[in-house]
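As a plain string of letters, each chain reads:
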Amino acid sequence: MSEVIVVTSGKGGVGKTTSSASIACGYARRGKKVAVVDFDIGLRNLDLIMGCERRVVYDFVNVINGDCSLKQALIKDKRFDNLSVLAASQTRDKDALTQDGVERVLKELRGEFEIIICDSPAGIERGAHLAMYYADRAVVVVNPEVSSVRDSDRVLGLLASKTNRAEKGDGSIAEHLLLTRYSPERVSTGDMMSVSDVEEILGLKVIGVIPESQSVLAASNAGVPVILDEASEAGQAYDDAVARMCGDDRPMRFTELKKKGLLNRLFGGS
Amino acid sequence: MGIFDFFKSRPQKSAQTAKERLLIIVAQQRGERGTPDYIPRLKVELLEVIRKYVNVDPGAVQVNLQKEGEQEMLELSVVLPDRPDE
């Protein structure tokens, strides 16, 4: 059985593409057949984060228009045989993405892959709408910051009403909250909302908390999704999040301030 | 001023302010969820019509859509000024 997972947020710049790439790699590392699709038509970026930008020949819109087959457009990841990328088109035509076209391509992807990750563009317009429309599950990426939290609530509202499942009454989409750019230091000084603050405001538990980390930028510079940087906290936190999405029970890490007291350094076991 | 006063008078941390503001705005957003998109426009047009006859306040027109079981009810309330203009 295949599953379509949309990674969305409303607000831009919160880490949707970073998260899409890492979640896709996380599933692939667990042996799933995965496709990750960039819905940000006109602002293609997933290919860069995945490190396959020089191998893009055909894109999502080419497939919709019948310029090529889906197989021709899918870019096989160099690290995982079982992971493919479908790049967004760089066209400026706003109507390039059609509902019929998206439905057709997703249907074909469902026949080939177990997990299909849809990397949504920012906003709540056509691209974002179509990215979430056929989803079975949603990962809402949110920063502990006022505009991001408000926008993610708007998106949660849309997920509950403006999707194929909601319209057909096929049961609701499973919603996950992924809190990114989290800084336990700033939370401890009262300058940043905590995990439980965000959970309380949105009425939803988080599936993962990704700490603010230098390694995220380093990873995107290199075109290697940060989940593959196993030494980094952000990478480990993404792996935890994917594990939880697969049903594993993992305790939250990197959400508490590290204690640096002398006693702690001398006697602190873990 | 003693040292304890200093601690007491410290302003509220910004994260707490953010949370309080968001709790209000999110509750408001959720209240509007599921209401048809035409409600805000309907409100503006109704206000225009009413103001042709009575000089009411822009905030005096309330339009609410209520659901009671199977029935939906559009509730319109207009607060007229104390002394209507002649």
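As shown above, the structure is provided for reference.
Residues numbered from 1 in each chain as written. Chains lettered and ligands numbered in written order. Predicted model: local features only at pLDDT ≥ 70, side-chain atom pairs only at ≥ 80, totals over all residues. Heavy atoms only, no water.

Topic: the overall build of chain B
- Along the backbone of chain B there are 3 helices and 2 strands.
- Starting at the N terminus and ending at the C terminus, chain B contains elements arranged as α-α-α-β-β.
- Per-residue burial for chain B yields a buried fraction of 15% across its 86 residues.
- A fraction of 25% describes how many contacts in chain B between residues 6 or more apart in sequence connect residues 24 or more apart.
- Per element, the accessible surface of chain B, about 7300 Å² overall, is 53% carbon and sulfur. (Helix = DSSP H or I, 4+ residues; strand = E, 2+ residues; numbered from the N terminus. Buried < 20%, exposed > 50% of the residue type's maximum accessible area, 1.4 Å probe, protein only. Contact = heavy atoms within 4.5 Å. Areas by Shrake-Rupley, 256 points an atom, 1.4 Å probe, with all protein chains shown as cover.)

Some points on the pattern of salt bridges
- Taken as a whole and assessed by the stated rule, the structure comprises 20 salt bridges over all chains.
- Lysine 19 of chain B is the salt-bridge partner of aspartate 197 of chain A, the closest N and O atoms lying 3.2 Å from each other. Taken together, the positions of aspartate 197 of chain A in helix H10 (residues 195-202) and lysine 19 of chain B in helix H2 (residues 14-32) put the pair across two chains. Per residue, the accessibility class of aspartate 197 of chain A equals that of lysine 19 of chain B, and both read buried.
- Between aspartate 240 of chain A and arginine 250 of chain A there is a salt bridge, with the nearest N and O atoms lying 2.8 Å from each other. Within this pair, whereas aspartate 240 of chain A is found in helix H12 (residues 233-245), its partner arginine 250 of chain A is found in the loop between H12 and helix H13 (262-267), the two being separated by 10 residues in sequence. (Salt bridge = Lys/Arg side-chain N within 4 Å of Asp/Glu carboxyl O.)

Brief notes about the interface of chain A and chain B
- Counting residues at the interface gives 16 residues for chain A and 13 residues for chain B.
- Here chain A and chain B share an interface that buries about 1400 Å² over both sides, 55% of which is from carbon and sulfur atoms.
- In terms of surface lost to chain B, no three residues of chain A exceed Arg150, Asp153 and Ile201 of chain A, which account for 37% of the buried area on that side.
- Counting every contact that joins chain A to chain B gives 9 residue pairs in polar contact (both at pLDDT 80 or more).
- Element by element, the count of residues in the side of chain A that touches chain B is highest for helix H7 (residues 146-161) of chain A, at 7 residues.
- Taken together, the residues that form the side of chain A that touches chain B break down as 7 nonpolar, 3 polar and 6 charged. (Buried area = accessible area lost by both parts, 1.4 Å probe. Polar contact = N/O pair within 3.5 Å; in protein donor to acceptor, adjacent residues only side chain to side chain. Nonpolar A, V, L, I, M, F, W, Y, C, P; charged D, E, K, R; others polar.)

Comments concerning the side chain of asparagine 164 of chain A
- Residue placement: asparagine 164 of chain A occurs in helix H8 (residues 164-168).
- Not counting the four nearest positions on each side in its chain, asparagine 164 of chain A is found in contact with Tyr133 and Tyr134 of chain A.

Let's talk about a nonpolar patch on the surface
All names here are of chain B.
- A surface patch of nonpolar side chains, about 250 Å² in accessible area, is lined by Leu76, Val78 and Leu80.
- The residue leucine 76 is located in strand S2 (residues 71-78) in this model.
- The exposure class assigned to leucine 76 is partly exposed, which follows from its relative accessible area of 46%. (Patch = residues over 30% accessible without salt bridge, like charges linked within 9 Å, V, L, I, M, F, W, Y side chains within 5 Å.)

Details of the packing of aromatic side chains
All names here are of chain A.
- Here the structure, examined in full by the defined rule, presents 2 aromatic pairs over all chains.
- Look at phenylalanine 39 and phenylalanine 60: their rings are 5.0 Å apart centre to centre, the planes differ by 80°, and that puts the pair in the edge-to-face class. Of the two residues, phenylalanine 39 is situated in the loop between strand S2 (34-38) and helix H2 (46-50) and phenylalanine 60 in helix H3 (residues 60-65); the sequence distance between them amounts to 21 residues.
- Residue classification places phenylalanine 60 among the buried residues on the basis of a relative accessible area of 0%.
- The cationic tip of lysine 33 hangs over the ring face of phenylalanine 113; the distance from NZ or CZ to the ring centre is 5.2 Å. (Phe/Tyr/Trp six-rings, centres within 6.5 Å; stacked < 30°, edge-to-face > 60°. Lys NZ or Arg CZ within 6 Å of the ring centre and 35° of its normal.)

Description of the nonpolar core
Residues and elements named next belong to chain A.
- If you look at the biggest cluster of nonpolar residues, it comprises 53 residues, and the most contacted ones within it are Phe39, Phe60, Leu86, Val102, Leu109 and Leu159.
- The dominant element in this core, judged by the number of residues it contributes, is H7, at 5 residues.
- Sequence-distant contacts of phenylalanine 60, that is, excluding residues within four places in its chain, are made with Val37, Asp38, Phe39, Ile41, Leu86, Ala87, Ala88, Leu97, Val102 and Val105.
- Counting 38 residues, the second largest nonpolar core, distinct from the first, contains Cys25, Ile117, Val139 and Leu178. (Core = buried A, V, L, I, M, F, W, Y, C linked by side-chain atoms within 4.5 Å.)

Some words on the layout of surface pockets
- Computed from the structure, the largest pocket encloses a volume of approximately 710 Å³.
- Forming the walls of the largest pocket are 21 residues, and the residues nearest its centre are Glu32, Arg33, Gly34, Thr35 and Asp37 of chain B.
- Within the residue set of the lining of the largest pocket, elements represented by two or more residues are H7 of chain A together with H2, helix H3 (39-53) and strand S1 (61-68) of chain B.
- Sort the elements by how many residues they give to the lining of the largest pocket and H7 of chain A lands first, with 6 residues. (1 Å grid on protein atoms, 1.4 Å probe; cavity = no way out; pocket = protein on both sides within 12 Å on 5 of 7 lines; lining within 4 Å. Points joined across faces, edges and corners; volume = space filled by probe spheres on them.)

Quick word on empty space enclosed by the protein
Residues and elements named next belong to chain A.
- Going through the model one piece at a time under the given rule, you end up with 1 cavity of 30 Å³ or more.
- Reported here for the largest cavity is a volume of approximately 30 Å³.
- For the lining of the largest cavity, the element with the most residues is helix H11 (residues 214-222), which contributes 3 residues.
- Residue composition of the lining of the largest cavity, grouped by class: 6 nonpolar, 2 polar and no charged.

Considerations on the packing of H7 of chain A against H10 of chain A
Residue and element names in this part refer to chain A.
- Packing of H7 against H10 leaves a shortest axis separation of 10 Å and a crossing angle of 40°. By the angle between their directions, the pair H7 and H10 is classed as oblique. Remark: the crossing between H7 and H10 carries right-handed chirality. Counting all contacts with H7, which are made through Val149, Ser152, Asp153 and Leu156, the residues of H10 involved are Val198, Ile201 and Leu202.
- For the contact of H7 with H10, the class distribution of residues is 5 nonpolar, 1 polar and 1 charged. (Axes fitted to C-alpha atoms, helices over the stretch in contact; angles between N-to-C directions. Parallel < 35°, antiparallel > 145°, perpendicular 65-115°, else oblique. Left-handed = near helix turned anticlockwise from the far one by under 90°.)

Side note on unusual backbone geometry
Residue and element names in this part refer to chain A.
- Even without a glycine there, the phi angle at arginine 181 is positive, about 60°.
- One can find arginine 181 in strand S7 (residues 174-182).
- You will see that phenylalanine 254, though not glycine, has its phi angle at about 60°, which is positive.
- Inspection of the secondary structure puts phenylalanine 254 in the loop between H12 and H13.
- Residue classification places phenylalanine 254 among the buried residues on the basis of a relative accessible area of 19%.

Function cannot be inferred from these measures alone, as they are strictly geometric.
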